[in-house]
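Here are the chains, one letter per residue:
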Amino acid sequence: EDQVTQSPEALRLQEGESSSLNCSYTVSGLRGLFWYRQDPGKGPEFLFTLYSAGEEKEKERLKATLTKKESFLHITAPKPEDSATYLCAVQGNAGGTSYGKLTFGQGTILTVHP
Amino acid sequence: EAGVAQSPRYKIIEKRQSVAFWCNPISGHATLYWYQQILGQGPKLLIQFQNNGVVDDSQLPKDRFSAERLKGVDSTLKIQPAKLEDSAVYLCASSLVGTGHTQYFGPGTRLLVL
């Protein structure tokens, strides 16, 4: 069974204080690792997809990296508007079918203070 | 491009009552998903459709939950009878067919069972 664990559960930063969020996973045949952002009262908003170890993607102040066991979401010089819950999810081989579901972690609640 | 639409946005019901949620996916997305997100947790897949057919309903409590996707577009998720533990956000997502494709989420329906 696919499993995803995110740490820390909550992270409080000062504006401009860079940090990283961790996503540890076990999956049978990784098809994709996904990062989403979720604001209160809204659905998850897609950020990145990573497909293989060593891959990196960037968007504004966010950079996602992937190894065979973990993914990191690096936040550089965060601003208050980056405050949200960040969700990591994996899509596996689903026993050889082509219908792999997303298995989510519990999320990291990020708060950035001005 | 229009996103995933869901209604209603909020619903409050008494236990043992029934409730239904509606989802309209992104145009051209043949795969549709219903997730349940309990407060403080990541989303959990309930059921996955490809066109009209169910491809994964292994985590759907079939004694009380049902879902259908008529004509391969809109979908309805029903709970009958509702229990207190069904209080959660019900998220609908859609994607192109196949693994590795991004799932795009709607705003969710927040259900409170009293």
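Attention here is on the structure that accompanies the text. As the structure is a computational prediction, the values presented were derived from the model and not from experiment. (Residues numbered from 1 in each chain as written. Chains lettered and ligands numbered in written order. Predicted model: local features only at pLDDT ≥ 70, side-chain atom pairs only at ≥ 80, totals over all residues. Heavy atoms only, no water.)

Considerations on the overall build of chain A
Regarding its fold elements, chain A presents 0 helices and 11 strands. Put simply, chain A runs from its N terminus to its C terminus through helices and strands in the order β-β-β-β-β-β-β-β-β-β-β. Its C-alpha atoms give chain A a radius of gyration of 14 Å, near enough to 13 Å, the size a compact globule of 114 residues would have. With the C-alpha coordinates of chain A rotated into their principal frame, the extents come out at 50 × 30 × 20 Å. Each of the 114 residues in chain A was classed as buried or not, and the buried ones make up 43%. (Helix = DSSP H or I, 4+ residues; strand = E, 2+ residues; numbered from the N terminus. Rg over C-alpha atoms; globule rule 2.2 N^0.38 Å. Buried < 20%, exposed > 50% of the residue type's maximum accessible area, 1.4 Å probe, protein only.)

A short note on the sheet that holds strand β3 (residues 19–26) of chain A
Pairing between sheet strands relies on hydrogen bonds along the backbone, with the strands arranged either parallel or antiparallel. All names here are of chain A. Across the sheet, 5 strands lie side by side as β1-β3-β8-β7-β6; this open sheet has antiparallel pairing. Sheet topology places β1 (3–7) and β6 (56–59) at the edges, where each strand pairs with a single neighbour. Mean inter-strand twist for the sheet, computed between neighbouring axes without regard to direction, equals 15°. Of the strand pairs in this sheet, strand β7 (residues 62–66) and strand β8 (residues 70–75) are connected by 5 bridges, and their pairing is antiparallel. Bridge assignment links Lys-63 to a residue of β8, and that residue is His-74. (Pairing = 2+ DSSP bridges. Axes fitted to C-alpha atoms, helices over the stretch in contact; angles between N-to-C directions.)

Quick word on the interface of chain A and chain B
Contacts between chain A and chain B engage 21 residues on the former and 25 residues on the latter. Summed over both sides, the interface between chain A and chain B buries roughly 1800 Å², with carbon and sulfur atoms accounting for 50% of that surface. Applying the counting rule to chain A against chain B returns 0 salt bridges. The interface formed by chain A and chain B contains 4 residue pairs in polar contact (both at pLDDT 80 or more). The set of elements that each furnish at least two residues to the side of chain A that touches chain B consists of β4 (32–38), β5 (45–50), β9 (84–91) and β10 (102–104) of chain A. (Contact = heavy atoms within 4.5 Å. Buried area = accessible area lost by both parts, 1.4 Å probe. Salt bridge = Lys/Arg side-chain N within 4 Å of Asp/Glu carboxyl O. Polar contact = N/O pair within 3.5 Å; in protein donor to acceptor, adjacent residues only side chain to side chain.)

Let's talk about the environment of Thr-5 of chain A
Residues and elements named next belong to chain A. Mapped onto the elements of the fold, Thr-5 is located in strand β1. C-alpha of Thr-5 to C-alpha of Ser-28: the two residues are 23 residues apart in sequence and 16 Å apart in space. Setting aside chain neighbours within four positions, we find Thr-5 in contact with Asn-22, Cys-23, Ser-24 and Gln-106.

As for the sheet that holds strand β1 (residues 5–7) of chain B
Residue and element names in this part refer to chain B. Taken together, 4 strands build an open sheet; the order of strands is β1-β3-β8-β7 and the sheet is antiparallel. Looking at the sheet topology across the chains shown, the edges are occupied by β1 and β7 (65–68). The average angle at which neighbouring strand axes cross in this sheet is 15°, direction not considered. Two elements, β1 and strand β3 (residues 19–24), share 3 bridges in a ladder whose sense is antiparallel.

Description of the pattern of salt bridges
All names here are of chain A. Evaluated as defined, the whole model comprises 6 salt bridges over all chains. Salt-bridge contacts for Arg-37 lead to Asp-39; the nearest nitrogen and oxygen are separated by 3.0 Å. Put simply, Glu-56 and Lys-63 hold a salt bridge, and the shortest N to O gap is 3.3 Å.

Considerations on the layout of surface pockets
The volume enclosed by the largest pocket comes to roughly 500 Å³. Considering the residues around the largest pocket, the lining is formed by 22 residues, among which Gln-38 and Thr-85 of chain A together with Gln-37, Leu-39 and Gly-40 of chain B are closest to the centre. Secondary-structure elements contributing two or more residues to the lining of the largest pocket are β9 and β11 (108–113) of chain A together with β9 (88–95) of chain B. Ranked by the residues each element gives to the lining of the largest pocket, the list is headed by β9 of chain A, at 3 residues. (1 Å grid on protein atoms, 1.4 Å probe; cavity = no way out; pocket = protein on both sides within 12 Å on 5 of 7 lines; lining within 4 Å. Points joined across faces, edges and corners; volume = space filled by probe spheres on them.)

Looking at unusual backbone geometry
Negative phi is the rule for most residues except glycine; trans is the rule for most peptide bonds. A cis amide bond links Ser-7 of chain A to the next residue, Pro-8 of chain A, at an omega of -10°. Structurally, Pro-8 of chain A is set in the loop between β1 and β2 (10–14). Pro-81 of chain B follows Gln-80 of chain B through a cis peptide bond whose omega is -5°. Turning to its location among the elements, Pro-81 of chain B is positioned in the loop between β8 (75–79) and β9. Although it is not a glycine, Glu-60 of chain A sits at a positive phi angle of roughly 55°. Structurally, Glu-60 of chain A can be placed in the loop between β6 and β7.

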